[in-house]
Amino acid sequence: MKIICIGRNFADHAKEMNAETPSQPMFFMKPDIALLRPGTPFFYPNFSNDIHYECELVVKIDRVGKNIAEKFAHKYYSEIGLGIDFTARDLQQQCKEKGHPWEIAKSFEGSAAICAQFIDKSDLDLDNITFSLRKNDEIVQEGNSNDMIFTIDQLISYVSQFMTLKKGDLIYTGTPKGVGSIQIGDVLTGSIGEQQMFEVKVK
Ligand code: MG
């Protein structure tokens with residue numbers, strides 16, 4: 001399976017990163033071993049001193065498709081979940097400065113936290129999905145799918161021009177503002193609406 005991550009899909013996050021708002025989606029990938037199994041702790045890696053959380057809605061692809069038209073994209077997923085795109089911000093900054101690829105900053109083992117259960121999309125208003133991330137006792141990120149620059153259907157259509165999407169592939173749809181550092185001992189709790197989707201302990 002593939003893990004596809006969309007970058008800069010919320011204008012307020014692009015702004016906090018001093019990045020331009022994209023005119024086309026941008027994406028990168030994580031390998032399957034990046035997936036952090038639900039219930040498993042995130043072990044702070046020794047190659048970074050500045051790991052950030054990025055809480056994101058996640059679309060699970062459930063049908064094979066290539067060159068999917070936006071108007072048919074809704075047929076290729078039926079469930080939405082929540083995850084964290086863990087990022088070694090210090091390494092990412094070095095990569096950006098050198099013009100290098102982002103893999104060491106984004107695609108390391110355990111860097112894609114995911115919920116155990118997804119929500120059937122028929123139980124959600126796709127244009128108004130609220131989600132949030134709590135770090136210990138503080139809400140650090142709040143997002144709404146309505147603020148996404150590119151909709152889920154637009155993202156599926158765009159990505160499928162470049163690669164066939166397969167059943168089980170995950171698309172992390174981008175993070176809203178409020179990204180920040182984690183420390184060993186932190187507990188990260190993600191919710192869609194009022195429903196808690198995951199809890200990740202940092203060890
Ligand atoms: Mg991200």
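Shown above is the structure to which this text applies.
I will try to describe carefully the structure that is included in this document. (Residues numbered from 1 in each chain as written. Predicted model: local features only at pLDDT ≥ 70, side-chain atom pairs only at ≥ 80, totals over all residues. Heavy atoms only, no water.)

**Here we look at the coordination of the magnesium ion**
Protein ligation of the magnesium ion involves Glu-54 (OE), Glu-56 (OE) and Asp-85 (OD), the donor distances falling in the range 2.0 to 2.1 Å. Within one chain, the residues serving as donors to the magnesium ion are arranged as E-x1-E-x28-D. The buried category is assigned to Glu-56, whose relative accessible area is 0%. (Donors = N, O, S within 2.8 Å, 3.2 Å for Na, K, Ca; no water. Buried < 20%, exposed > 50% of the residue type's maximum accessible area, 1.4 Å probe, protein only.)

**Here's the deal with unusual backbone geometry**
Residues other than glycine seldom take positive phi values, yet Asn-18 does so here, at roughly 55°. Turning to its location among the elements, Asn-18 is positioned in the loop between α1 (11-16) and β2 (26-30). Backbone geometry places Asn-136, a non-glycine residue, at a positive phi of 55°. Tracing the backbone through its elements, the reader meets Asn-136 in the loop between β10 (130-135) and β11 (138-144). (Helix = DSSP H or I, 4+ residues; strand = E, 2+ residues; numbered from the N terminus.)

**Description of the pairing of strand β14 (residues 187-192)**
Of all the 6 residues making up β14, 5 are buried; the element is thus mostly covered by neighbouring parts of the structure. By the bridge criterion, 5 bridges tie β10 to β14 in an arrangement that is antiparallel. Across the sheet, residue Leu-133 finds its bridge partner in β14, namely Gly-190. Note that β14 and strand β15 (residues 195-201) share 6 bridges and pair antiparallel. Looking at β15, one finds that Gly-190 is bridged to Phe-198. Between β14 and β15, which pair antiparallel one after the other, the connecting turn spans 2 residues, and Gly-193 there sits at a positive phi close to 60°. (Pairing = 2+ DSSP bridges.)

**As for the sheet that holds strand β13 (residues 180-181)**
Strand order in the open sheet formed by 3 strands is β7-β4-β13, with antiparallel pairing between adjacent strands. Of all strands in the sheet, those bounded by a partner on one side alone are β7 (87-88) and β13. With 2 bridges joining them, strand β4 (residues 51-53) and β13 adopt antiparallel strand pairing. The residue of β13 that forms the bridge with His-52 is Ser-181.

**Regarding the nonpolar core**
By size, the foremost hydrophobic cluster in this structure holds 59 residues, and its most contacted members are Phe-42, Phe-86, Ile-156, Tyr-172, Leu-188 and Ile-192. Ignoring sequence-local partners within four residues, the contact set of Leu-188 consists of Tyr-53, Ile-84, Phe-86, Leu-133, Arg-134, Lys-135, Ile-182, Phe-198, Glu-199, Val-200 and Val-202. (Core = buried A, V, L, I, M, F, W, Y, C linked by side-chain atoms within 4.5 Å. Contact = heavy atoms within 4.5 Å.)

**Observations concerning the pairing of strand β1 (residues 3-7)**
Among the 5 residues that make up β1, 5 are buried, leaving the element largely enclosed by the rest of the structure. The side-chain alternation of β1 yields two buried faces, one formed by Ile-3, Cys-5 and Gly-7 and the other by Ile-4 and Ile-6. With 3 bridges joining them, β1 and strand β12 (residues 170-172) adopt parallel strand pairing. Bridged to Ile-3 within β12 is Leu-170. Note that β1 and β2 share 5 bridges and pair antiparallel. Note that in β2 the partner of Cys-5 across the bridge is Phe-28.

**What about the side chain of Ser-107?**
Locating Ser-107 in the fold gives a position in the loop between α3 (103-106) and β8 (112-114). Owing to a relative accessible area of 10%, Ser-107 belongs among the buried residues under this scheme. Polar contacts involving the side chain of Ser-107 include one to the main-chain carbonyl oxygen of Met-29, which spans 2.9 Å. Dropping the residues within four chain positions of it, Ser-107 is found in contact with Met-29, Lys-30, Pro-31 and Ala-34. (Polar contact = N/O pair within 3.5 Å; in protein donor to acceptor, adjacent residues only side chain to side chain.)

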